[in-house]
Amino acid sequence: MELTFLGGARTVTGSRHLLDTGRARVLVDCGMFQGGPDETMRNRVPLGFDPATLDAVVLTHAHLDHCGLLPLLVAKGFRGQIVCTAATAELARLVLLDSAKLQAEFAKRDARREHRDPVRAAADDKRDMTEFEAALDLAVTGAASPGGPDPEDLLRAAPPVVEVDLDGPLYTEDEVDLVLGMFRPVPYGQEYEVATGVHVTLLDAGHILGSALLRMRITPAGGGRDTMVVFSGDLGRPGTPILRDPTVVTDADFVLCESTYGGREHEAAEVSINILADVVNEVARRKGVLLIPSFAIGRTQEIVWELGRLLDAGRIPQLPLYLDSPMAKGASEIYRAHPEAYDEETGALLRAHEAPLDYPAQHVVQNVEESQRIERSSPPYMIVASNGMLTGGRSVGHAEHLLGDPSATILFVGYQGEGTLGGHLVRGTDTARIAGKQIKVRATIRSLDGFSAHADEPELLDWLGNFIKGRRPGDKGVPKTVFLVHGDPPAQEALSPKVRALGFGVEVPAWLQTVSLD
């Protein structure tokens, strides 16, 4: 029985884990790499296996870095079922259609740029090819682990360098349509046999609506002891609004645990709420504009929720709020349709006929023309727009307009990946390049991590501690190994010794590395 780390290995995005029991092959998540060019280029590298040999995919949640390559998987031959919660299936439809549309738009933009400036386009193509070859080399190195994919197979599967189209879309909306009929919704807490001998239970991860951590029970062909593997997915935080806390799990043989915030502790939620109130009041005083880049699913709903509570409490003035994300609008409608996933506080608001996902002065922006008209509005006002790292979406257009404005504030409310525009800004860059233009940063840049949908280091350690509470290493149900995934190397280096101190073996797998679970 083997596990291959096809993504989310020593990097935060691209989560994809292949379990091969000898009787069945099951893929947990099929995410897209996101962030800087060195990360996104990994999406062009061959998958590392034949999708036609897969029995099933199990999806933890609908963020793009966990579901974004499903259409590519189907286009290359996968014909099994995609098991997830009903809310995840609905949200994934939004995410994948939006992704396909954006890829088509980016491809057209690159074609126009190539027509206008062929010399620069040739230089960009050369740079992209260098990044692709570096990504392919990295994949080959990771695949060289014992039992891993044959590195030569990876090289053979890669198209000849002269034929690689690094500007074309990874998939189309038609290929997304093929995925949508393959979802198999399964409720929380119900064990389901996804493939021969592989039984999966989805448990609430408290990260976004429908998010799940997985308890996977694997039965051997000839009888004997089952093997239990737990996948944390993206683990949420206890005590956050709207959703329930992450499920406590106490028994496993192996655990794959996210490590995004290893070495870091989030500021207290109340501190973040106070800072949010202070920022809104300062924007009102300066008669400026507040831009909050935010991911459309999860973070946007929480920010709107908190702004509504601050307004109700009289702590902020009622500034106009432009919700500029078509996907966020659709996601909020799906959130409203699944009150069964809410925590008690949000459920009580619903029972009182309040609307916890609406802000009284919000304007839902319907199209690009409306988005562009926002800048002609009279300040002060607020914009919540996707995406959260300024790597694409309408938030980038607003940032282009606002970064040079000393009366504007850009407030980041989540993780900012290395190499992203958001990452550069929160780390203090004084210039930004958008659409080929160099912009002097005069806007105020602020960041909060108390709104993060990811557990921080103490919360990860608390969750992992449930596997050994009242027991010792080697006891039944205590994991032999915790694999740290979905994190950058510094975060994993910080977290590893603390997980080891709990009494677990710890491994930090490389991209495309294979390990034995026997």
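This text gives an overview of the structure that appears in the document. (Residues numbered from 1 in each chain as written. Predicted model: local features only at pLDDT ≥ 70, side-chain atom pairs only at ≥ 80, totals over all residues. Heavy atoms only, no water.)

### Some thoughts on helix H16 (residues 489-502)
Taking 1.5 Å as the rise per residue, H16 with 14 residues should run 20 Å; its terminal C-alpha atoms sit 20 Å apart, in good agreement. The largest bend in H16 comes to about 30°, at Leu-495, with the proline Pro-497 one to four residues further on. Of the residues making up H16, those classed as buried are Ala-491, Gln-492, Leu-495, Ser-496 and Val-499. Tucked inside the fold, the buried residues of H16 contact strand S11 (254-258), helix H15 (457-465), strand S20 (481-485) and strand S21 (505-507). Taken from the residues just after H16, Gly-503 is the one with a positive phi, measuring 115°. (Helix = DSSP H or I, 4+ residues; strand = E, 2+ residues; numbered from the N terminus. Expected span 1.5 Å × (residues − 1). Bend = angle between axes of the 7 residues up to and from the residue. Buried < 20%, exposed > 50% of the residue type's maximum accessible area, 1.4 Å probe, protein only. Contact = heavy atoms within 4.5 Å.)

### What about the packing of aromatic side chains?
Tallying each qualifying case throughout the model produces 5 aromatic pairs. The interplanar angle of 85° and the centroid separation of 5.5 Å between the aromatic rings of Tyr-322 and Tyr-381 together place this pair among those described as edge-to-face. Of this pair, Tyr-322 sits in strand S13 (residues 321-324) while Tyr-381 sits in strand S15 (residues 381-385), placing them 59 residues apart in sequence. One exposure class covers both Tyr-322 and Tyr-381, and it is buried. Feature note: the residues Phe-5, Phe-254 and Phe-483 constitute an aromatic cluster, connected by ring pairs. (Phe/Tyr/Trp six-rings, centres within 6.5 Å; stacked < 30°, edge-to-face > 60°.)

### Observations concerning the pattern of salt bridges
Summed over all chains, the structure comprises 17 salt bridges. Between Asp-124 and Arg-127 there is a salt bridge, with the nearest N and O atoms lying 3.5 Å from each other. In this pair, Asp-124 and Arg-127 are both assigned in helix H5 (residues 118-143), 3 residues apart and thus about one turn of the helix distant. By relative accessible area, which is 18% here, Asp-124 ends up buried. Since its relative accessible area comes to 44%, Arg-127 is described here as partly exposed. One salt-bridge network, held together by shared partners, links Asp-124, Arg-127 and Asp-128. (Salt bridge = Lys/Arg side-chain N within 4 Å of Asp/Glu carboxyl O.)

### Some words on the nonpolar core
Residues Leu-70, Leu-73, Tyr-171, Val-194 and Met-216 are the most contacted members of the largest nonpolar core, which totals 118 residues. Sequence-distant contacts of Leu-73, defined by excluding residues within four places in its chain, comprise Leu-27, Cys-30, Leu-47, Phe-49, Pro-51, Leu-54, Val-57 and Phe-78. (Core = buried A, V, L, I, M, F, W, Y, C linked by side-chain atoms within 4.5 Å.)

### Describing the side chain of Thr-227
The residue Thr-227 is located in strand S10 (residues 227-231) in this model. In contact with Thr-227, other than residues within four places in its own chain, are Met-1, Met-216, Arg-217, Ile-218, Asp-253 and Phe-254.

### Brief notes about the sheet that holds strand S3 (residues 25-28)
With respect to topology, 7 strands assemble into an open sheet ordered S6-S5-S4-S3-S2-S1-S22, the strand pairing being mixed. Here the strands that pair on one side only, and so sit at the sheet edges, are strand S6 (183-185) and strand S22 (514-516). This sheet shows a mean twist of 25° between the axes of neighbouring strands, independent of strand direction. Note that strand S5 (residues 81-84) and S6 share 3 bridges and pair parallel. Bridge assignment links Ile-82 to a residue of S6, and that residue is Phe-183. (Pairing = 2+ DSSP bridges. Axes fitted to C-alpha atoms, helices over the stretch in contact; angles between N-to-C directions.)

### Details of the pairing of strand S18 (residues 437-440)
Bridge count for strand S17 (residues 431-434) against S18 is 4 bridges, and the pairing is antiparallel. Considered in S18, the bridge of Thr-431 is made with Lys-440. Linkage of S17 to S18, two consecutive antiparallel strands, is achieved through a turn of 2 residues, within which Ala-435 is found at a positive phi near 55°.

### Some words on empty space enclosed by the protein
Within this structure, the stated rule accounts for 4 cavities of 30 Å³ or more. Counted as a void, the largest cavity has a volume near 120 Å³. Taken together, the residues that form the lining of the largest cavity break down as 6 nonpolar, 6 polar and 3 charged. What the second largest cavity holds in volume is close to 90 Å³. Lining the second largest cavity are 14 residues, with Ser-15, His-17, Asp-29, Gly-233 and Val-485 positioned closest to its centre. Its residues assigned to classes, the lining of the second largest cavity comprises 4 nonpolar, 7 polar and 3 charged. (1 Å grid on protein atoms, 1.4 Å probe; cavity = no way out; pocket = protein on both sides within 12 Å on 5 of 7 lines; lining within 4 Å. Points joined across faces, edges and corners; volume = space filled by probe spheres on them. Nonpolar A, V, L, I, M, F, W, Y, C, P; charged D, E, K, R; others polar.)

### Comments concerning the pairing of S5
The pairing of strand S4 (residues 56-58) with S5 spans 3 bridges and is parallel. Each residue of the ladder has a partner; that of Val-57, found in S5, is Ile-82.

### Concerning unusual backbone geometry
Peptide bonds are, in most cases, trans, and in most cases residues other than glycine have a negative phi. In this structure, Pro-380 follows Pro-379 across a cis peptide bond, with omega equal to 10°. Along the chain, Pro-380 turns up in the loop between helix H12 (368-373) and S15. In this model, Ser-386 is joined to Asn-387 through a cis peptide bond whose omega is 10°. With phi around 60°, Leu-390 is a residue other than glycine that occupies positive phi space.

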